[in-house]
Amino acid sequence: MNRVINIRIPEGVRAELLALSKEEHVPFSSLVRESLCEFLAVRRFRRLRGKVLPRAQAQDLLTDEDVFKNL
């Protein structure tokens, strides 16, 4: 179920979102929802990476190539 929330954003951010919304022909609210979903995905990724990185470094898995070599 979708919920309505009210947030305060700086005018510059609002102006950029409005311009992008018009440029890409995407409703403003859809653009904000998409932005929040991407933000949360990045946060989850960073959190997971932070948990896994020490183990990977201990096994000398420093790059994607290192990981794929061990698969």
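Sequence order sets the numbering: in each chain, residues are counted from 1 along the sequence as written. Restriction of local features to residues with pLDDT of at least 70 applies here, the model being predicted, together with a cutoff of 80 or more for giving and counting side-chain atom pairs; totals for whole chains, interfaces and linings are based on all residues. Note: side-chain values were computed over all heavy atoms of the structure, leaving out hydrogens and water.

(A) The pattern of salt bridges, seen in detail. The salt bridge definition used is simple: a Lys or Arg side-chain nitrogen within 4 Å of an Asp or Glu carboxyl oxygen. Inspection of the entire model under this criterion finds 1 salt bridge. The closest approach of N and O atoms between Glu11 and Arg14, which form a salt bridge, is 3.4 Å. Note that Glu11 and Arg14 are positioned in helix α1 (residues 11-24) at a spacing of 3 residues, about one turn of the helix. Partly exposed residues are those whose accessible area sits between 20% and 50% of the maximum for their type, while under 20% is buried and over 50% is exposed, using a 1.4 Å probe and protein chains only. Overall, the relative accessible area of 37% leaves Arg14 in the partly exposed class. Numbering of helices and strands runs from the N terminus; a helix is a DSSP stretch of H or I covering at least four residues, while a strand is a stretch of E covering at least two.

(B) Structural context of the side chain of Ser21. The topology assignment puts Ser21 in helix α1. Under the relative-accessibility criterion, Ser21 is labelled buried at 8%. At 2.4 Å, the side chain of Ser21 and the backbone oxygen of Val26 are in polar contact. Whether two residues are in contact is decided by their heavy atoms, any of which lying within 4.5 Å being enough. Sequence-distant contacts of Ser21, that is, excluding residues within four places in its chain, are made with Val26, Pro27, Phe28 and Leu31. Here a polar contact means two N or O atoms within 3.5 Å. Within protein one must be a hydrogen donor candidate and the other an acceptor candidate, and residues neighboring in sequence count only if both atoms are side-chain atoms.

(C) Up close: α1. For a helix, the expected span equals 1.5 Å multiplied by the residue count minus one. In this model, α1 (14 residues) spans 20 Å end to end at C-alpha, consistent with the 20 Å of a helix rising 1.5 Å per residue. Immediately downstream of α1, the backbone of His25 shows phi near 55°, a positive value.

(D) Examining a nonpolar patch on the surface more closely. Residues qualify for a patch when their relative accessible area is over 30% and they have no salt bridge, like charges being joined within 9 Å and the nonpolar side chains of Val, Leu, Ile, Met, Phe, Trp and Tyr within 5 Å. Here the Shrake-Rupley method, with its probe set to 1.4 Å, supplies the accessible areas, and only the displayed protein chains count as covering residues. Together, Ile5, Ile7, Ile9 and Val13 give the surface a local cluster of nonpolar side chains, amounting to about 360 Å² of exposed area. Of note, Ile7 is situated in the segment before α1.

(E) Fine view of the layout of surface pockets. Think of a 1 Å grid over just the protein atoms. A cavity is a set of points where a 1.4 Å probe fits yet cannot get out, a pocket is an open set with protein on both sides within 12 Å along at least five of seven lines, and lining residues have an atom within 4 Å of a point. Grid points are joined across faces, edges and corners, and a volume is the space filled by probe spheres set on the points. There is about 510 Å³ of room inside the largest pocket. Per element, the largest residue contribution to the lining of the largest pocket is 6 residues, and it comes from helix α2 (residues 28-58). Considering only residue class, the lining of the largest pocket consists of 9 nonpolar, 4 polar and 4 charged. Its boundaries defined by the atoms lining it, the second largest pocket holds a volume of some 240 Å³. In terms of lining, the second largest pocket is formed by Phe45, Leu48, Arg49, Val52, Leu53, Ala56, Gln57, Leu61, Leu62, Thr63, Asp64 and Val67. Secondary-structure elements contributing two or more residues to the lining of the second largest pocket are α2 and α3 (64-69). Element by element, the count of residues in the lining of the second largest pocket is highest for α2, at 7 residues. Asp, Glu, Lys and Arg are counted as charged, while Ala, Val, Leu, Ile, Met, Phe, Trp, Tyr, Cys and Pro are counted as nonpolar; the rest, among them Gly, fall into the polar class. Of the residues assigned to the lining of the second largest pocket, the class counts are 8 nonpolar, 2 polar and 2 charged.

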